[in-house]
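Here are the chains, one letter per residue:
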Amino acid sequence: MFWSPQTRSHDPRGEVWVGVATQGTEVGDRVDAILSGLNGLPLHEVVAGGGIAAAAAVHSPLLLDHLRSAHDQWRSGPYLDLVGQDRVVPYLFPTPAMTGQMPQHVPSAVHARAGTFGYDTMTLLGPGSWAAIEAAADCARSAAEWVANGQGRVAYALCRPPGHHATTAGYGGSCYVNNAAVAAHTLREHGMARVGVVDIDAHHGNGTQEIFWSRADVLYGSVHVDPGAGWFPHYVGFADETGSGEGADCTLNLPLGEGAGDGPWLAAVERLADWVRGAGCAALVVSLGVDAAADDPESPLQVTQAGYGRAGALLAALGLPTVLVQEGGYHLPTLGDLVGGHLRAYP
Ligand code: SP5
Ligand code: ZN
């Protein structure tokens, strides 16, 4: 496993959800809850600095600049006095509804610019956020390099904050930089001809899908709760999204109805594994969210801990060099066992 203590330093403090300031769910305590389930896994050194350099291959430099600088600008702007809180939160978004066909400007005022890159009101930037974002990307990068260099076949990156909702030029869904895309890019860079990304987080990984949408060298497949039933990310993650251009048929979405448990969920994981096998992938990235678990507060799926273990066995049976990247999972009492149980299925 690859983990850095800096991943604790991001404290979003809260989320603004449908107009209400709610307690944040993507909290630093998640790190310790996960670590408690990983006793005995050897800890490898995370090389600092490579993560964001690799992220620049899959993200817009403007997004990375914004993430790096926005909180400092907020702190040195009038916001502490004016609004009385120190987290960067967008309030206005340049969607087509507002700007139509007109050219879009990137505002210099940070409370406005935040809406250019941040696409929801739940994904805040605080004083330690950038350090954690960097550390999470470094974990993914180091894990992928370790696998690509043949030092081991399976590596787990305990990334926090998570990444699969981060798009080429946007952040949201508690995600800032796409750690799974960093891992996939790294494996490609080391000559793995084709990389399959399998996303078993309860939510659709719209960011990863968008990043690789038109590419044939990285496949994206996901099982998740049906966004059409009212679940984040709402606009993306439907079964008719299959990729475009060279990436045609390189995206596979398997949305499940609310309340789906081990039976349909494992059947979908098996389909994703078969799809990756049939496509001749040379390496695998698993977006390991454990929020599909029954007692998770953020999704209505009903997967058991045994189900997460069984999913690990299905993916391990591919026999591919594999990088697992931590995504969501919010029920602190069971988080460690869910992640640990999944990882222990890999030989
Ligand atoms: C990485 C990941 O799992 N991101 C999930 C983002 C979805 N967040 C949506 C939050 C919706 C409302 N949460 C309200 C909490 C009340 N229990
Ligand atoms: Zn999730």
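Anything mentioned here points back to the structure above.
The structure reproduced in this document is the subject of the present report. (Residues numbered from 1 in each chain as written. Chains lettered and ligands numbered in written order. Predicted model: local features only at pLDDT ≥ 70, side-chain atom pairs only at ≥ 80, totals over all residues. Heavy atoms only, no water.)

Some points on the overall build of the chain
What counts, and what does not: By the criteria applied, helices consist of DSSP H or I runs no shorter than four residues and strands consist of E runs no shorter than two, each listed in order from the N terminus. Put simply, the radius of gyration uses C-alpha atoms, and a globule should come to 2.2 Å times the residue count raised to 0.38. Accessibility here uses a 1.4 Å probe with only protein chains present; expressed as a share of the type maximum, an area under 20% marks a residue as buried, one over 50% as exposed, and anything in between as partly exposed.
Regarding its fold elements, the chain presents 12 helices and eight strands. Over its C-alpha atoms the chain spans a radius of gyration of 19 Å, differing by no more than 12% from the 20 Å that the globule rule assigns to 347 residues. Principal axes of the C-alpha set define a box for the chain whose edges measure 55 × 45 × 40 Å. Considering the chain as a whole, with its 347 residues, one finds that 56% of them fall into the buried category.

Re the site of ligand 1
Put simply, the rule reads: Any residue with a non-hydrogen atom lying within 4 Å of a molecule or strand is treated as near it. N or O atoms within 3.5 Å of each other form a polar contact, as long as, within protein, one can give a hydrogen and the other can take it, and as long as residues adjacent in sequence are counted only when both atoms are side-chain atoms. Areas reported as accessible are Shrake-Rupley estimates using a 1.4 Å probe. Residue values count occlusion only from the protein chains shown. Under the grouping applied here, Gly and all other residues not named as nonpolar or charged are polar, the nonpolar ones being Ala, Val, Leu, Ile, Met, Phe, Trp, Tyr, Cys and Pro and the charged ones Asp, Glu, Lys and Arg.
Surveying the vicinity of ligand 1 reveals 14 residues, the closest of which are W17, G173, D291, E298 and Y330. In this structure, E298 approaches ligand 1 through a side-chain N or O atom, which is 3.2 Å from a nitrogen atom. Y330 has a polar side-chain atom sitting 2.5 Å from an oxygen atom of ligand 1. Here ligand 1, which alone exposes 500 Å², has 81% of that area covered by the protein. Classifying every residue of the shell around ligand 1 gives six nonpolar, five polar and three charged.

A few points about the coordination of the zinc ion (ligand 2)
Stated precisely, the cut-off is as follows: For Na, K and Ca the donor cut-off is 3.2 Å; for every other metal, N, O and S atoms count as donors within 2.8 Å. Water does not enter the count, which can leave sites looking incomplete.
Listed as protein donors to the zinc ion (ligand 2) are D201 (OD), D201 (OD), H203 (ND1) and D291 (OD); their distances from the metal cover 2.0 to 2.8 Å. Sequence spacing among the residues donating to the zinc ion (ligand 2) works out to D-x1-H-x87-D. Each member of the pair, D201 together with H203, is buried.

Quick look at the pattern of salt bridges
Applied cut-off: We count a salt bridge whenever a side-chain nitrogen from Lys or Arg sits within 4 Å of a carboxyl oxygen from Asp or Glu.
A complete count under the given rule lists 13 salt bridges for this structure. For R215, the salt bridge is made with D217, and the minimal N-O distance between the two is 2.9 Å. Each of D11, R13, D86 and R87 takes part in salt bridges that share partners, so that together they form one network.

Comments concerning the packing of aromatic side chains
Worth spelling out the cut-off: To pair, rings of Phe, Tyr and Trp, with the six-membered ring standing in for Trp, must have centres within 6.5 Å; the planes then decide the type, stacked if under 30 degrees apart, edge-to-face if over 60, and tilted in the middle.
Applying the stated criterion across every chain, the model contains four aromatic pairs. Pairing Y171 with Y176 gives two aromatic rings, centres 5.6 Å apart and planes at 25 degrees, and the pair type is stacked. Exposure class is identical for Y171 and Y176. Each is buried. Centroid distance W265 to Y308: 4.8 Å. Interplanar angle 55 degrees. Geometry classified as tilted. In this pair, W265 sits in helix α10 (residues 262-278) while Y308 sits in helix α11 (residues 305-316), placing the two residues 43 residues apart along the sequence. The class of Y308 is buried, set by a relative accessible area of 0%.

Quick look at the nonpolar core
Note the cut-off: Residues grouped as a nonpolar core are buried Ala, Val, Leu, Ile, Met, Phe, Trp, Tyr and Cys residues, joined through side-chain atoms within 4.5 Å. Any two residues whose heavy atoms approach within 4.5 Å at even a single point are treated as in contact.
Among the nonpolar cores identified, the biggest contains 51 residues, and Y171, V177, L187 and V285 are the most heavily contacted of them. With 11 residues, helix α7 (residues 129-148) is the largest single contributor of residues to this core. Once residues lying within four places of it in the same chain are set aside, the contact partners of Y171 are L63, H66, L67, V88, A114, F117, G118, Y119, D120, T123, L125 and Y176. Judged by nonpolar contacts, the second largest core, of 49 residues, contains M1, V223, A273 and V290.

Some points on unusual backbone geometry
Cis geometry marks the peptide bond from R160 to P161; its omega dihedral reads 0 degrees. Along the chain, P161 turns up in the loop between β3 (154-157) and α8 (179-189). In this model, F232 is joined to P233 through a cis peptide bond whose omega is 5 degrees. Checked against the element boundaries, P233 lands in the loop between β5 (218-225) and β6 (251-256). Backbone geometry places S174, a non-glycine residue, at a positive phi of 70 degrees. With respect to the helices and strands, the residue S174 is situated in the loop between β3 and α8. Despite not being glycine, D249 has its phi angle at roughly 65 degrees, a positive value. As for its position among the elements, D249 is in the loop between β5 and β6.

Focus: helix α6 (residues 110-117)
The set of residues buried in α6 consists of V110, R113, A114, G115 and F117. Residues of α6 that are buried sit in contact with α3 (61-76) and α4 (79-82).

Some remarks on the pairing of β6
Spelled out, the test is: Each pair of strands is called paired provided DSSP finds at least two bridges between the two strands.
Burial within β6 is extensive, with five of its six residues counted as buried. Bridge count for β5 against β6 is six bridges, and the pairing is parallel. What sits directly across from V223, in β6, is L254.

Describing a nonpolar patch on the surface
Selection criterion: By definition, no residue in a patch forms a salt bridge, and every one has over 30% relative accessible area; like charges are joined within 9 Å, nonpolar side chains (Val, Leu, Ile, Met, Phe, Trp, Tyr) within 5 Å.
A cluster of nonpolar side chains, contributed by Y91, L92 and M98, occupies part of the molecular surface with about 340 Å² of accessible area. Residue position: M98 is located in helix α5 (residues 96-99).

Focus: the packing of α7 against α8
For clarity, the threshold we go by: A fitted line through C-alpha atoms represents every axis, and for helices the fit uses only the stretch in contact; the resulting angles, taken between N-to-C directions, go from 0 to 180 degrees. Angle categories: roughly parallel below 35 degrees, roughly antiparallel above 145, roughly perpendicular from 65 to 115, and oblique for all the rest. Left-handed describes a crossing whose near helix is turned anticlockwise from the far helix through less than a right angle; right-handed describes the clockwise counterpart.
Here α7 crosses α8 at 30 degrees, and the two axes come no closer than 8 Å. One way to sum up the angle between α7 and α8 is to call them roughly parallel. Handedness of the crossing formed by α7 with α8: right-handed. Counted together, A136, A137, A140, R141, A144, E145, V147 and A148 of α7 and N179, V182, A183, H185, T186, L187 and E189 of α8 form the full contact between these two elements. Looking at the contact of α7 with α8 residue by residue, the classes come out as nine nonpolar, three polar and three charged.

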